Amino acid sequence: NPDAVLCARRGQRMLVRNRSVKCDGASERLLVMEGDVLSILKNFENQYFDRILAPRPKEGKRDGDLGKDFSGIEYLEALLRVLKSKGGECHWYDFA
């Protein structure tokens, strides 16, 4: 979703300028990616990420629908493989 990526990149720029942030280097550790999750995450080792922000699985082939085919399970397995097993968090987002 190009709009979500744009919003995340704006947030990252604001994080750089925010002097009240108590976590030094937070903006440098933030990695914003856009593309097909099944393709992108193949390039990362297991348990690479502390936190993942991802769109809620939706209707349609390879778009994460858990009720119609296996694409939703494939999507979740791809995310869980790269998420740290101890303390890793996944945050879903959606637009109303």
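Note: the structure precedes this text.
Residues numbered from 1 in each chain as written. Predicted model: local features only at pLDDT ≥ 70, side-chain atom pairs only at ≥ 80, totals over all residues. Heavy atoms only, no water.

K.L.:
Any chance you could explain the packing of aromatic side chains here in plain terms?
P.N.:
To describe a pair of aromatic rings, you give the distance between the ring centres and the angle between the ring planes. Applying the stated criterion to the full structure yields three aromatic pairs. Ring centres of Phe44 and Tyr48 lie 5.0 Å apart, and the angle between their planes is 50°; on these two criteria the pair is classed as tilted. With a relative accessible area of 41%, Tyr48 lands in the partly exposed category. Note on Phe44 and Phe49: the rings are 5.0 Å apart at their centroids and 55° apart in plane angle, and the pair reads as tilted. Overall, the relative accessible area of 17% leaves Phe44 in the buried class. In this structure an aromatic cluster arises from ring pairing among Phe44, Tyr48 and Phe49. (Phe/Tyr/Trp six-rings, centres within 6.5 Å; stacked < 30°, edge-to-face > 60°. Buried < 20%, exposed > 50% of the residue type's maximum accessible area, 1.4 Å probe, protein only.)

K.L.:
Explain the environment of Ser27 here, please?
P.N.:
On the secondary structure map, Ser27 appears in helix H2 (residues 26-29). Placed twelve residues apart in sequence, Ser27 and Leu15 show a C-alpha to C-alpha distance of 5.9 Å. Those residues in contact with Ser27 that sit more than four places away from it in its chain are Gln12, Leu15 and Val16. (Helix = DSSP H or I, 4+ residues; strand = E, 2+ residues; numbered from the N terminus. Contact = heavy atoms within 4.5 Å.)

K.L.:
Whenever I open this one, the pattern of salt bridges confuses me. Can you help?
P.N.:
Note on pairing: side chains with opposite charge can pair once their charged atoms come close. Within the structure shown, the criterion is met by two salt bridges. In this structure, Lys84 and Asp50 form a salt bridge, with 3.0 Å as the shortest nitrogen-oxygen distance. Of this pair, Lys84 sits in the loop between helix H4 (71-82) and strand S2 (89-93) while Asp50 sits in the loop between helix H3 (37-40) and strand S1 (51-55), and the two are 34 residues apart along the sequence. Here Lys84 falls in the partly exposed class, since its relative accessible area comes to 31%. (Salt bridge = Lys/Arg side-chain N within 4 Å of Asp/Glu carboxyl O.)

K.L.:
I would appreciate a short explanation of the environment of Leu30 in the present structure.
P.N.:
Tracing the chain through its elements places Leu30 in the loop between H2 and H3. Residue class for Leu30 comes out partly exposed when judged on its relative accessible area of 37%. Taking the C-alpha atoms as reference, Leu30 lies 9.9 Å from Leu15; in sequence the two are 15 residues apart.

K.L.:
Would you explain the pairing of S1 in this entry?
P.N.:
Moving residue by residue along a regular strand, the side chains alternate between the two faces of the sheet. In S1, alternate side chains face the same way, and those of Ile52 and Ala54 are buried while those of Arg51, Leu53 and Pro55 on the opposite face are not. Pairing geometry for S1 and S2, over five bridges, is parallel. Note that in S2 the partner of Ala54 across the bridge is Trp92. (Pairing = 2+ DSSP bridges.)

K.L.:
So what exactly am I meant to see when it comes to unusual backbone geometry here?
P.N.:
Most peptide bonds take the trans configuration, and most residues that are not glycine carry a negative phi. Even without a glycine there, the phi angle at Gln47 is positive, about 55°. Its location among the elements puts Gln47 in the loop between H3 and S1.

K.L.:
I'm lost on the nonpolar core in this one. Help?
P.N.:
Most often, soluble globular proteins have nonpolar side chains that are buried together. Grouped together as the largest cluster of nonpolar side chains are 13 residues, with contacts concentrated most on Val37, Leu41, Phe44, Phe49, Ile52, Leu79 and Val82. Counting residues per element, the ones that place at least two in this core are H3, S1 and H4. Top contributing element to this core by residue count: H4, with four residues. Once residues within four sequence positions are removed from consideration, Phe49 is found in contact with Leu31, Met33, Leu41, Phe44, Val82, Leu83 and Lys84. (Core = buried A, V, L, I, M, F, W, Y, C linked by side-chain atoms within 4.5 Å.)

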